[in-house]
Amino acid sequence: MYAAATESLIKQASEIKEEELQRFCGRIFKLLHTKDVSGDTVDSLQRLNLIVSATKYARELPSDLVRKLQTVLRSSSCPEQLQVLSSSIVRESSPPSVHSLCSDPSHDSRTFSHVASVVLTQVSHMLLESRLSDGQIPRHALPVLSKMSTVYPEILTDDEVNLVSRKLVDWLRYASMQQGASMSSGGFFSGPRTRQPAPLTEVDGVVTGDFFTVLCLGQSYTEDQWMNMYTFSMIKSWLLTYDTDGTTNTEPDDRSEVDSSVMSMVSATSSSSRLLPPKERLREKAFEYCQRLIEQSDRKALKKTDTELQKACIVESVSVMDIICGEDPSYVYRAFPCIKALYGRLNGDLAYARALLPIAQFYLNHSEIAAVDSEAVFCQLFSHCPAEQFNEPMLAFEFVQFCLLNASVLQDRVTNYRQSFPNLLKFLAWNSSGLIAEFVELLPSLIAPDTAIELLHTILDLPCLAAALDLQQRSACYQASDRTAWDQQGAKVAACLDAFRQPSYRGLFLYILRPEAGTGDTIDSTHLQALCKLHPPLIVDQSREILELASSPANIYSKEDFYTHVVWVIGEYLSVSYDPRCTVERITSFFESLEAVLFEITQVRQSASPPSFSPRLITVLMTTLAKLATRSQDLIPRVSLCLSKMRTFACSAIVMTCYSEEDTEEIITRAHELINLLKLPNVAQFVLAPSAGGDGPRWHRDTNASLPQGMRAVSGLLHRHSSSLPT
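Each chain carries its own residue numbering, running from 1 in the written order of its sequence. Local features are withheld for residues below a pLDDT of 70 in this predicted model, meaning they are given only at 70 or higher, and side-chain atom pairs are given and counted only at 80 or more; totals for whole chains, interfaces and linings count all residues. The side-chain figures draw on all heavy atoms in the structure; neither hydrogens nor water molecules are used.

An unreviewed UniProt entry lists the protein chain under the name Adaptor related protein complex 5 subunit zeta 1, with Cyprinus carpio carpio as the source organism.

What follows is the structure in structure tokens.
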């Protein structure tokens, strides 16, 4: 009895006339607009659901009712019973606009599941089962499928994922190679005519010879070519959403022994590729597609828009290859030759700076597996990009996001990451409003014990950095001779531009704009001396930093003038007469460091290169060592031995080729005078370490008390005394 009643209801529902259905739909439309959901509304929706389900073909419901049902479907505030019924009715009716359903995906899981069921049903009709009523439908359905599956991956079963993967392979790799048919305006009487399909071209105008990609150009495109473009746009999210373990049996440690070209040939053959499971085959074809795009990006584009398209394709291709290599490490050995060549082509071109970020990400993720050195890549990335393109907001955002994403790895594996904060902060100084939150999160990864204080001062100096960057940009735009253009910027700007080019301020600007921590200085050939003269205890206060700088011969070659002044102030002010903290131990520590430096730079070896420092540095080092020895007289024999070797150094052939005769004579004379002076320690202490009042005018104007004259007199006496001794 129950079965008979059911069959009767189904028969009535399937045989309902179109006019009666339209009236019934109008009644439901009115019921759905009432505030309170009545039992009549639910009963009517149940009956409509039976009607659309009992018909073999899809019933076409009024568009206003379909839109209302979609609204109910997307509304999380509606009762679930109404959502279930609306979902079922929309699913069984003629295909609605999937775009309208997915325009604002709800975060409510219940609502999303109902919307997803409708979209999947429609997409399965249009895409998976190829029931196409219009050629444009699959093109629009594909992005919707990608969007839905990314947000809610579980909506597709494994079989459906494999089916979509097969479709994506076909669209990605086997699109037609002719342009789409286009209409040409015929004569007045003949009307428009269809043109014969023309071949596709590369961005440089050459006819395309390989398979179709998004960088193949034409006046119009076929449907499968459009599907190719849509597929490439979603392949990255698809691979990330539906990851799968690789099926290769080769262990990662053994792959490095396999020749990459052989692996590429084996993997690329169509016969082996077709034997792969759908998702692995999609991975293979996507990899080939990205390699082809990178090859195409090397062509000289005829249009600027195509150049921008090439840049976008490079970024996307490298990112996709990175994902594929992460899923299956066997691809790493095939990818690195391509990525290396790409980096070699782009690293000197600032126009492609954004493309360096995915390349750096690839090196960060896979260089250890392939035993590839990545230091040069990150040195280029952190030194040049921020310094030269700090004013590119998109690059700034992507660069900071790259650092945030990889902060822990960068700290452990990239040596210059923490040292590069002066460069990274240029992004913040120029784009502060948009990057404050990101830098608050990033700063802890940049802090190191030896640079924490410098980092703090650099943050405090951000307004100065922003102003210096602005001056740097303006200075590059206006030549120094073009005062008219400067004055047009305003009196203050013109004055700042003038100061930016003044040598006296150059050191300050270079320090503010320094590329990495621990480099540059803010004082010159006079500021350091004046500072130490005003506050001599500064030598002891900053003894660790000063000793670190003075003990490194590398600083001689990078900042000789500043280094020379540092050595001079050590000899002048590291004395107990200026600071009681100048103990014998502290003096000995400075002496030994400078002694080692002088010994290293004056060694005479056949393999040694000619000295690239001035003779003045040698004489200052000798004098400072002698001064320190007079304050700790146990050091006098050591400095005398060191000074006795200066004649050998000055008279060596390699030194004679780069120093003048006057220079070498000055070195020998100064060494001889100091040796003679140190033979009388008490006199040497008086001459080399005068009292704090020694800077008074009398010491320099009174010929009877003049320090240089006293040195010459003592030297002459000692010289005559030594010459009269029996041999």
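Picking up where we left off.
Observations regarding the overall build of the protein chain
Looking only at helices and strands, the protein chain has 41 helices and 2 strands in total. Each accessible area is a Shrake-Rupley result for a 1.4 Å probe, and residues are judged covered by the shown protein chains and nothing else. Only carbon and sulfur atoms are counted for the fraction: they give 55% of the accessible area of the protein chain, which is about 37,500 Å². Secondary structure elements are taken from DSSP: a helix is a run of H or I of four residues or more, a strand is a run of E of two residues or more, and numbering for both begins at the N terminus.

As for the packing of aromatic side chains
Two aromatic rings, drawn from Phe, Tyr or Trp (for Trp, its six-membered ring), form a pair once their centres lie within 6.5 Å of each other, and the interplanar angle then sorts them: stacked below 30 degrees, edge-to-face above 60, tilted otherwise. Going through the model one piece at a time under the given rule, you end up with 16 aromatic pairs. Among the aromatic residues, ring-to-ring pairing joins F336, Y343, F362 and Y363 into one connected group. Consider the ring centre and the ring normal. A charge sits over the ring if Lys NZ or Arg CZ is within 6 Å of that centre and within 35 degrees of that normal. Across the ring face of Y511, the terminal group of R514 is positioned such that the distance to the ring centre comes to 4.2 Å.

Comments concerning the side chain of R292
Structurally, the position occupied by R292 is in helix α14 (residues 278-296). The residues contacting R292, other than those within four sequence positions of it, are E202, T208, D210, F211, T213 and C216. Contact criterion: two residues are considered in contact whenever any of their non-hydrogen atoms come within 4.5 Å of each other.

As for the packing of helix α10 (residues 223-241) against helix α15 (residues 304-327)
Axis lines are fitted through C-alpha atoms, for helices just across the contact stretch, and the angle between N-to-C directions can take any value from 0 to 180 degrees. Taken N-terminus to C-terminus, the directions of α10 and α15 make an angle of 25°; their axes are 10 Å apart at the nearest point. Taken together, the axes of α10 and α15 are roughly parallel relative to one another. When the axes of α10 and α15 are compared, the crossing they make is left-handed. In contact with F232, I235, K236, L239 and L240 of α10, α15 contributes E316, S317, S319, V320, I323, I324 and E327. Split into classes, the residues belonging to the contact of α10 with α15 amount to 7 nonpolar, 2 polar and 3 charged. Should an angle lie under 35 degrees it is considered roughly parallel, over 145 roughly antiparallel, and from 65 to 115 roughly perpendicular; all remaining angles are considered oblique. By convention the crossing between two helices is left-handed if the near helix lies anticlockwise of the far one by an angle smaller than a right angle, and right-handed if it lies clockwise. Ten residues, namely Ala, Val, Leu, Ile, Met, Phe, Trp, Tyr, Cys and Pro, are considered nonpolar, four, namely Asp, Glu, Lys and Arg, are considered charged, and the remaining ones, Gly among them, are considered polar.

Let's talk about the pattern of salt bridges
Throughout this description, the term salt bridge denotes a Lys or Arg side-chain nitrogen within 4 Å of a carboxyl oxygen of Asp or Glu. A full pass over the atoms with the stated rule returns 23 salt bridges. Here E368 and R413 are joined by a salt bridge, their closest N and O atoms 3.5 Å apart. Note that E368 is positioned in the loop between α17 (353-366) and α18 (375-388) and R413 in helix α20 (residues 407-413), a separation of 45 residues in sequence. Relative accessibility decides the category of a residue: with a 1.4 Å probe and only protein chains considered, values under 20% of the type maximum give buried, values over 50% give exposed, and everything between is partly exposed. The class for E368 is exposed, based on a relative accessible area of 60%. Its salt-bridge partner being R638, residue E595 comes within 2.6 Å of it at the nearest N-O pair. Taken as a pair, E595 in helix α33 (residues 584-601) and R638 in helix α35 (residues 636-644) lie far apart in primary sequence, 43 residues in all. What makes E595 buried here is its relative accessible area of 18%. One network of salt bridges, with partners in common, ties together E202, D204, R292 and R299.

Notes on the nonpolar core
One finds L48, F378, L381, F382 and Y417 to be the most contacted residues of the largest nonpolar core, which totals 128 residues. Here the nonpolar core consists of buried residues drawn from Ala, Val, Leu, Ile, Met, Phe, Trp, Tyr and Cys, with membership extended through side-chain atoms lying within 4.5 Å. In this structure, V566, V567, L594 and M646 belong to the second largest nonpolar core, which totals 54 residues.

Things to note about the confidence of the model for the protein chain
The predictor's confidence in any single residue is recorded as pLDDT, a number from 0 to 100. Averaged over every residue, the pLDDT of the protein chain is 80; the share at 70 or more is 78%. With pLDDT under 50 throughout, residues 131-135 is counted as low confidence; its partners more than four residues away or in other chains account for 5 contacts.

Comments concerning the environment of L65
Mapped onto the secondary structure, L65 falls in helix α4 (residues 63-74). For the pair L65 and V90, spaced 25 residues apart in the sequence, the C-alpha separation amounts to 9.9 Å. For L65, the residues in contact, after removing those within four places along its chain, are C25, I28, F29, L32 and L48.

So, the packing of α14 against α15
Between α14 and α15, whose axes approach to 9 Å, the crossing angle comes to 145°. Between α14 and α15 lies a crossing of left-handed hand. Each of R283, A286, F287, C290, Q291, L293, I294 and Q296 in α14 lies in contact with α15, whose residues at this interface are Q310, C313, S317, V318, V320, M321, I324 and E327. Taken together, the residues of the contact of α14 with α15 sort by class into 10 nonpolar, 4 polar and 2 charged.

Points about unusual backbone geometry
Positive phi outside glycine occurs at A371, with the angle close to 55°. Mapping A371 onto the fold places it in the loop between α17 and α18.

A short note on α33
Here the expected span of a helix is defined as 1.5 Å times the quantity of residues minus one. The terminal C-alpha atoms of α33 lie 26 Å apart, and with 18 residues this matches the ideal 26 Å at 1.5 Å per residue to within 8%. Residues of α33 that are buried include every one of I587, T588, F590, F591, S593, L594, E595, V597, L598 and I601, and no others. Summarising the contacts, the buried residues of α33 are in contact with α30 (543-550), α31 (554-558), α32 (560-573), α34 (615-631), α35 and α36 (646-650).

Some remarks on the side chain of T451
When you line up the elements, T451 lands in the loop between α22 (432-446) and α23 (452-460). Apart from the residues within four sequence positions on either side, T451 is in contact with Q419, F421, L446 and A517.

Remarks on the environment of R647
Structurally, R647 can be placed in helix α36. Sequence spacing of R647 and I667 is 20 residues, and the spatial spacing of their C-alpha atoms is 7.7 Å.

Section: the environment of W238
Examined against the element boundaries, W238 turns out to sit in helix α10. Residue W238 is classed as buried on the basis of its relative accessible area, which comes to 2%. For W238, the contacting residues outside a window of four places in its chain are S149, L156, V161, V164, S165, L168 and L282.

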